[in-house]
Amino acid sequence: MKQIAEIYGKFLLDAVLAVSLLLFVFCGMTDTEGNKGIFAIIGAHLDVTGTEDTVSNEFAVFQEEAKRKPPVILYVDSGMIYTGRHIFSDFIRAEDNEGRELSVRLLGVWKPQEEFEAVLPAVGEVEFSSPGIYRLKVTAKDDRNRRTISVIQIPVNQRRE
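### A word on the overall build of the protein chain
Stage number 1. Along its length, the protein chain carries 3 helices and 9 strands.
Stage number 2. Ordered by position in the sequence, the α and β elements of the protein chain form the string α-α-α-β-β-β-β-β-β-β-β-β.
Stage number 3. Summarising the internal contacts of the protein chain: among those between residues at least 6 apart in sequence, 50% fall at separations of at least 24.

### A few points about the sheet that holds strand β4 (residues 101–102)
Stage number 1. Within the open sheet, the 3 strands sit side by side as β1-β3-β4. Their pairing is antiparallel. With partners counted over all chains shown, the strands left at the sheet margins are β1 (72–75) and β4, one partner each.

### What to know about the nonpolar core
Stage number 1. Counting 19 residues, the largest nonpolar core has F91, I92, F128, L136, V138 and I154 as the members making the most contacts within it.
Stage number 2. Broken down by secondary-structure element, the contributors of at least two residues to this core are β3 (92–95), β5 (104–110), β7 (125–128), β8 (132–141) and β9 (147–156).
Stage number 3. Here this core takes 4 residues from β8, the largest share from any one element.

### Quick look at the pairing of β8
Stage number 1. Note: β5 against β8, 6 bridges, orientation antiparallel. Pairing of R105 across the sheet is with T139, part of β8.
Stage number 2. As paired elements, β8 and β9 share 10 bridges and run antiparallel to each other. Looking across to β9, one finds that I133 is bridged to P155.
Stage number 3. Turn length for the β8-β9 hairpin, with the two strands adjacent in sequence and antiparallel, is 5 residues, and the turn residue N145 shows positive phi of about 65°.

Parameters at a glance
Residues numbered from 1 in each chain as written. Predicted model: local features only at pLDDT ≥ 70, side-chain atom pairs only at ≥ 80, totals over all residues. Heavy atoms only, no water. Helix = DSSP H or I, 4+ residues; strand = E, 2+ residues; numbered from the N terminus. Contact = heavy atoms within 4.5 Å. Pairing = 2+ DSSP bridges. Core = buried A, V, L, I, M, F, W, Y, C linked by side-chain atoms within 4.5 Å. Buried < 20%, exposed > 50% of the residue type's maximum accessible area, 1.4 Å probe, protein only.

Put into structure tokens, the structure is as follows:
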């Protein structure tokens with residue numbers, strides 16, 4: 001019992017000393033300028049000038065960037081499209097926010113029977129083998145990495161002999 005009282009007493013004394021030291025550091029210290037407590041002393045010596053301007057400038061840049069529209073993908077009506085091989089960039093175009101033309105990449109082609117047809121992206125051509133409404137999945141990306149993906153339906157007619 002005597003050992004328990006000794007250990008408990010030492011622990012209690014250590015706890016009281018630790019709490020009083022923390023109270024002194026956080027509340028009792030005063031510097032030459034009258035700042036009381038460690039947080040007030042450190043805060044008084046921090047240089048915080050100019051941070052408001054930086055934050056507001058960054059927010060203004062963010063607002064301007066958010067106003068920009070993503071690329072627009074357009075179907076250019078070039079008359080009737082007949083079965084056969086076509087360059088898809090002849091009738092599909094993309095523009096960025098400022099009206100500059102962007103490159104369009106073909107992601108997929110679906111035949112009128114809803115079956116997916118393989119795409120050869122390096123060629124830039126699409127084969128319309130039978131008449132009907134084809135669906136082309138295309139994408140365009142501007143210089144600020146805004147991307148638009150669209151599915152465009154294209155009516156294809158049978159070539160008259």
